[in-house]
Amino acid sequence: MPDTAILLALGKIVLAAVATALVARLLRAPAIVAFIIAGLLLGPATGLLEASASVHVIAETGIVLLLFLVGLELSLDKIRDVGRVALIAGLGQVGFTAAGGFALSFLLGFSAIESIFIATALTFSSTVVVVKVLRQKSELDTLYGRIAVGIFLVQDLVVIVVLTVLSGLGRPEDLSVPGLARSLGLAFGGMASLLAVALLSSRHLLPRVFAWMSVSAEGTFIWSLGWCFLFVVAAQYAGLSVEIGAFLAGISLAQLPQSTDLRRRVDPLMTFFVMVFFVALAVEMELGAATTQWKAVTVLSLFVLVGNPLIFMWIIARMGYSERTAFLTSVTVAQISEFSFVFAAVGLSAGLIGPAILSVIGAVGLITITLSVYMILHNHWLHDFVKGRGWLRIFNARTEPEATAADVAPRDHVIVVGMNALGRRIVRDLLAEGEAVVAVDSDARKLAQVPCRTVLGSADLPSVLEEAGLERARLLVSALQIEDANTLLAYRCRQAGVASSIHAFDPAAIDELREIGADHLIVSKGAGTRRMATLFRDMGVVGG
């Protein structure tokens with residue numbers, strides 16, 4: 001039965017991915033590399049899984065949710081101040097890499113159409129990989145992190161144009177000029193209409209809906225997936241690829257104030273389908289083709305690892321940014337993108353390229369993604385190493401760093417969780433005492449009522465406390481009336497070595513909170529919050 005075949009294929013994919021991911025974790029290798037290796041082991045190496053219709057269905061679902069996740073990462077507000085450099089560097093690199101990649105591929109003996117696909121695959125960098133690594137390093141909101149995300153947005157929009165072209169080419173009954181012009185016109189008209197709906201919705205419809213739904217984690221999650229598949233269906237009816245619909249749905253949600261919290265809630269499902277897509281894609285690769293083309297794979301990989309950073313370094317330095325910012329930004333683009341695999345998969349399904357080209361692109365992706373992750377993880381050391389040998393002088397970039405407050409993470413601050421009446425009073429009194437405060441709540445409407453730095457999300461998620469800077473805080477105050485959440489917060493504060501003040505609204509929980517190690521208990525709403533601020537100062541956990 002088809003359903004049984006899909007379940008069996010999915011089971012093999014998950015088991016292989018888990019096994020390889022465990023090994024990759026020990027080696028600190030990126031998960032995407034582990035997933036590709038899992039697919040190679042299942043398919044070309046052992047034949048345990050064939051590229052059947054079931055695998056295609058699984059991979060297609062993975063593509064849709066992968067591109068929805070990519071769109072969710074691209075908030076325009078976060079890159080508004082670096083829009084100019086992102087646009088110029090992004091488009092400049094696209095032109096350079098496309099031309100250089102085509103020339104290299106053609107010289108290596110590939111046909112013109114194969115060279116076009118290879119060059120296009122080399123042009124784009126991985127939003128998913130880089131964002132995950134920069135978030136792991138807590139450098140996503142630094143200047144170079146924002147420039148990198150801006151560049152990825154420009155690249156991703158170019159990808160959507162390319163996918164739109166492919167959608168148009170796939171529809172005409174013949175390749176006549178009038179037929180092509182009509183099909184491309186319909187494709188771009190449909191894409192422009194869908195983009196307009198996405199942007200207008202993110203401005204006028206979605207903020208109200210998600211503000212209302214934000215109090216329910218389940219509701220927010222279901223609504224976001226529903227919005228994704230609504231755009232997928234709309235794209236299908238417009239004659240576009242489903243990938244375009246999923247990406248535009250993600251872009252529209254990324255502009256919402258709740259986008260960060262939404263990414264946290266959707267991320268586990270996205271991670272699962274990212275795994276599914278890359279494993280299923282690798283099943284279709286031909287190892288023999290990649291090994292026989294090892295010279296081409298080596299040359300193309302070096303072109304991405306060295307050529308892309310060099311052109312970015314030169315462009316960003318010309319725009320007045322410092323040597324360090326230019327270098328750190330350039331290192332982030334030294335890999336090919338998840339879009340490269342999507343583009344190759346679309347070309348394969350359309351019969352424009354064969355499995356051999358998919359294998360070459362896959363091998364280049366395996367090499368560049370793996371090495372670039374280590375380059376990004378150690379980018380500051382790598383900058384100092386290269387600078388110490390004087391190799392950066394040829395770019396003639398200025399040496400003094402940019403002064404920007406956005407690069408400064410909160411430090412020695414107080415985290416207040418729960419913006420109920422008690423929490424808001426505590427925030428105001430702490431601010432009056434001159435303390436730096438970060439407010440945390442899962443309701444954006446409540447956060448809008450406090451005049452300090454805010455983090456939207458549920459405090460029982462480690463990523464929320466990480467964004468609030470728990471490891472660097474002096475004190476965490478919980479005004480919540482949720483016993484399990486308060487107990488968890490007290491425990492995590494003890495683990496992090498941060499003082500905690502917990503609202504003991506239930507007298508029965510006092511002994512447990514003290515046993516866990518809470519430094520202070522708020523035993524009554526009527527307790528003077530200004531006196532609490534003074535008490536925290538006397539305890540030595542704020543002020544001084």
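Here, every reference points to the structure presented above.
Residues numbered from 1 in each chain as written. Predicted model: local features only at pLDDT ≥ 70, side-chain atom pairs only at ≥ 80, totals over all residues. Heavy atoms only, no water.

1. Concerning the sheet that holds strand 4 (residues 475-478)
If you walk across this open sheet you meet the six strands as 3-2-1-4-5-6, and the pairing is parallel. Unpaired on one side and paired on the other, strand 3 (453-456) and strand 6 (520-522) mark the two borders of the sheet. Within the sheet, the average angular offset between the axes of one strand and its neighbour, ignoring direction, is 20°. Sheet topology places strand 1 (residues 414-417) next to strand 2 (residues 437-441); four bridges connect them, and they run parallel. Paired with Ile 415 across the bridge in strand 2 is Val 438. Sitting on the sheet, helix 19 (residues 421-432) touches strand 1, strand 2, strand 4, strand 5 (499-503) and strand 6, and the angle it makes with strand 1 is about 160°. (Pairing = 2+ DSSP bridges. Helix = DSSP H or I, 4+ residues; strand = E, 2+ residues; numbered from the N terminus. Axes fitted to C-alpha atoms, helices over the stretch in contact; angles between N-to-C directions. Contact = heavy atoms within 4.5 Å.)

2. Comments concerning the packing of helix 15 (residues 323-331) against helix 18 (residues 379-388)
Contact geometry of helix 15 with helix 18 gives a least axis separation of 10 Å together with a crossing angle of 125°. When the axis of helix 15 is compared with that of helix 18, the two are oblique. Once helix 15 is placed against helix 18, the crossing between them reads as right-handed. The segment helix 15 lies against helix 18, with Glu 323, Arg 324, Phe 327, Leu 328 and Val 331 engaging Asn 379, His 380, Leu 382, His 383, Asp 384, Val 386 and Lys 387. Across the contact of helix 15 with helix 18, the residue classes break down as five nonpolar, three polar and four charged. (Parallel < 35°, antiparallel > 145°, perpendicular 65-115°, else oblique. Left-handed = near helix turned anticlockwise from the far one by under 90°. Nonpolar A, V, L, I, M, F, W, Y, C, P; charged D, E, K, R; others polar.)

3. Considering a nonpolar patch on the surface
Side chains of Phe 102, Phe 106, Ile 113, Ile 116 and Leu 352 sit close together on the surface and give an oily, nonpolar patch of about 420 Å² of accessible area. Those elements giving two or more residues to the nonpolar patch turn out to be helix 4 (83-107) and helix 5 (112-123). With respect to the element layout, Phe 106 can be found in helix 4. For Phe 106, a relative accessible area of 47% corresponds to the partly exposed category. (Patch = residues over 30% accessible without salt bridge, like charges linked within 9 Å, V, L, I, M, F, W, Y side chains within 5 Å. Areas by Shrake-Rupley, 256 points an atom, 1.4 Å probe, with all protein chains shown as cover. Salt bridge = Lys/Arg side-chain N within 4 Å of Asp/Glu carboxyl O. Buried < 20%, exposed > 50% of the residue type's maximum accessible area, 1.4 Å probe, protein only.)

4. Re the side chain of Arg 424
Of note, Arg 424 is situated in helix 19. It is Asp 441 that comes nearest to the buried, bridge-free Arg 424 among opposite-charge side chains, at 7.4 Å. Other than its neighbours up to four places away in sequence, Arg 424 contacts Met 419, Gln 449 and Val 450. (Lys, Arg positive; Asp, Glu negative; His and termini not counted.)

5. Some details on helix 4
With 25 residues, helix 4 should reach 36 Å at 1.5 Å per residue; the first-to-last C-alpha distance of 36 Å fits that figure. Once helix 4 ends, the next one or two residues include Gly 109, with phi positive near 100°. (Expected span 1.5 Å × (residues − 1).)

6. Notes on unusual backbone geometry
The phi dihedral of Asp 412 falls on the positive side, at around 55°, and the residue is not glycine. Residue position: Asp 412 is located in the loop between helix 18 and strand 1. You can call Asp 412 partly exposed: its relative accessible area is 45%.

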